[in-house]
Amino acid sequence: MKVQLIALLSFASLLFGQRLQLNLDHLAKKAAKTEDVNVDGAMMQHASSFLSDKNKDEKSARKLVKGMDGVYVRSFKFDKPGEFTEADIDSVRRQLQAPGWSRMVSTVDKKKGKIEEVYFHATNGKSDGMVVLDIKPAKFEVVNIVGSVDMGRLSEMGENKKAEQ
Amino acid sequence: MRPFEDELRNALKPVEPPPGFAERVMARVEARRTRPRYRWAAIAAVLLLTAGLGYRQHVQRQRALEAKEQLMLGLRIAGSRLREIRSQILREDLI
């Protein structure tokens with residue numbers, strides 16, 4: 001029983017490690033548009049029973065969520081640039097310096113003030129978490145996926161729909 | 001003919017009811033009169049329970065549908081960003 005409890009706590013701490021603490025509520029007040037997605041593992045399993053096989057995206061989502069334990073998005077779009085600070089970006093990046101996380105992609109366009117970064121979390125060599133940081137002068141967006149991610153399938157999501165810009 | 005007549009006379013002979021018979025009959029009649037109240041109460045309870053369960057199912061379904069919408073939105077945003085980053089990298093490679 002003790003061993004099971006310890007194993008459960010270790011698993012929970014691993015999952016917790018892959019989930020970022022996105023304390024960005026102060027940006028919501030300044031934002032013209034916000035997107036806030038909080039779907040944990042239980043909600044995901046509950047939701048997946050309503051995913052249709054007739055819809056291409058939903059069919060893909062059904063397969064994607066099998067390895068996932070959560071999807072979290074904080075997206076803020078502002079009317080003008082300069083509504084968030086370097087400290088806001090650092091509050092996210094600092095968490096991504098924890099063991100297990102590594103930055104796989106980083107594109108910076110200083111002229112346009114664009115930063116795009118993709119981080120992966122791995123446990124025992126197996127990828128089990130992902131973060132996408134998308135910063136533009138009037139946009140601050142963090143996507144955090146907990147669990148294994150099928151990148152090919154995920155990048156096809158919403159391809160036929162008007163993508164969230 | 002005689003034995004038959006005797007049998008008939010015996011059968012039709014008035015019999016005194018046992019003591020308390022009338023009270024017991026009246027008690028049963030009264031019980032029957034009050035039974036419909038319980039029946040309606042039982043029907044109402046079943047209807048309430050059914051309505052309650054139906055409402056609970058409706059709420060759970062609504063929550064699941066909301067969760068599905070959230071999930072699809074999250075996955076579409078993530079997919080869209082990955083495509084953007086991929087095309088950005090491809091553009092940089094071409095330059």
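Bear in mind the structure is a predicted one, so any value in this text is a computation, not a measurement.

Engineer: Any chance you could explain the overall build of chain B here in plain terms?
Structural biologist: Each helix and strand in chain B was counted, giving two helices and zero strands. By the compact-globule yardstick of 12 Å for 95 residues, chain B is too spread out, its C-alpha radius of gyration being 40 Å. Each of the 95 residues in chain B was classed as buried or not, and the buried ones make up 19%. Here chain B contributes 19 positively and 11 negatively charged side chains, and the mean placements of these two sets differ by 3 Å.

Engineer: Looking at this model, I keep getting lost on the interface of chain B and chain A. Mind explaining?
Structural biologist: The parts lose accessible area when they come together, and the size of an interface is often stated as this lost area. On the side of chain A, 43 residues touch chain B, which itself brings 26 residues to the contact. Taken together, both faces of the contact between chain B and chain A bury some 3,000 Å²; the carbon and sulfur share is 69%. Taken together, the links from chain B to chain A amount to five salt bridges. Ionic pairing is found between Arg81(B) and Glu141(A), a salt bridge with its closest N-O pair at 2.3 Å. Across the chain B-chain A interface, the total number found is nine residue pairs in polar contact (both at pLDDT 80 or more). Class assignment for the residues of the side of chain B that touches chain A results in 12 nonpolar, six polar and eight charged.

Engineer: Looking at this structure, how should I read a nonpolar patch on the surface?
Structural biologist: A cluster of nonpolar side chains, Phe21(B), Val25(B), Met26(B) and Val29(B), forms an exposed patch at the surface whose accessible area comes to about 340 Å². On the secondary structure map, Val29(B) appears in helix 2 (residues 21-94).

Engineer: Looking at this model, I keep getting lost on the environment of Ala32(A). Mind explaining?
Structural biologist: Residue and element names in this part refer to chain A. Locating Ala32 in the fold gives a position in the loop between helix 2 (25-30) and strand 1 (33-40). Counting along the chain gives 11 residues from Ala32 to Met43, while the straight-line C-alpha distance between them is 28 Å. If we ignore the near neighbours within four places in the chain, the residues touching Ala32 are Lys77, Phe78 and Asp79.

Thresholds, definitions, all that
- Residues numbered from 1 in each chain as written.
- Chains lettered and ligands numbered in written order.
- Predicted model: local features only at pLDDT ≥ 70, side-chain atom pairs only at ≥ 80, totals over all residues.
- Heavy atoms only, no water.
- Helix = DSSP H or I, 4+ residues; strand = E, 2+ residues; numbered from the N terminus.
- Rg over C-alpha atoms; globule rule 2.2 N^0.38 Å.
- Buried < 20%, exposed > 50% of the residue type's maximum accessible area, 1.4 Å probe, protein only.
- Lys, Arg positive; Asp, Glu negative; His and termini not counted.
- Charge placed at Lys NZ, Arg CZ, Asp CG, Glu CD.
- Contact = heavy atoms within 4.5 Å.
- Buried area = accessible area lost by both parts, 1.4 Å probe.
- Salt bridge = Lys/Arg side-chain N within 4 Å of Asp/Glu carboxyl O.
- Polar contact = N/O pair within 3.5 Å; in protein donor to acceptor, adjacent residues only side chain to side chain.
- Nonpolar A, V, L, I, M, F, W, Y, C, P; charged D, E, K, R; others polar.
- Patch = residues over 30% accessible without salt bridge, like charges linked within 9 Å, V, L, I, M, F, W, Y side chains within 5 Å.
- Areas by Shrake-Rupley, 256 points an atom, 1.4 Å probe, with all protein chains shown as cover.

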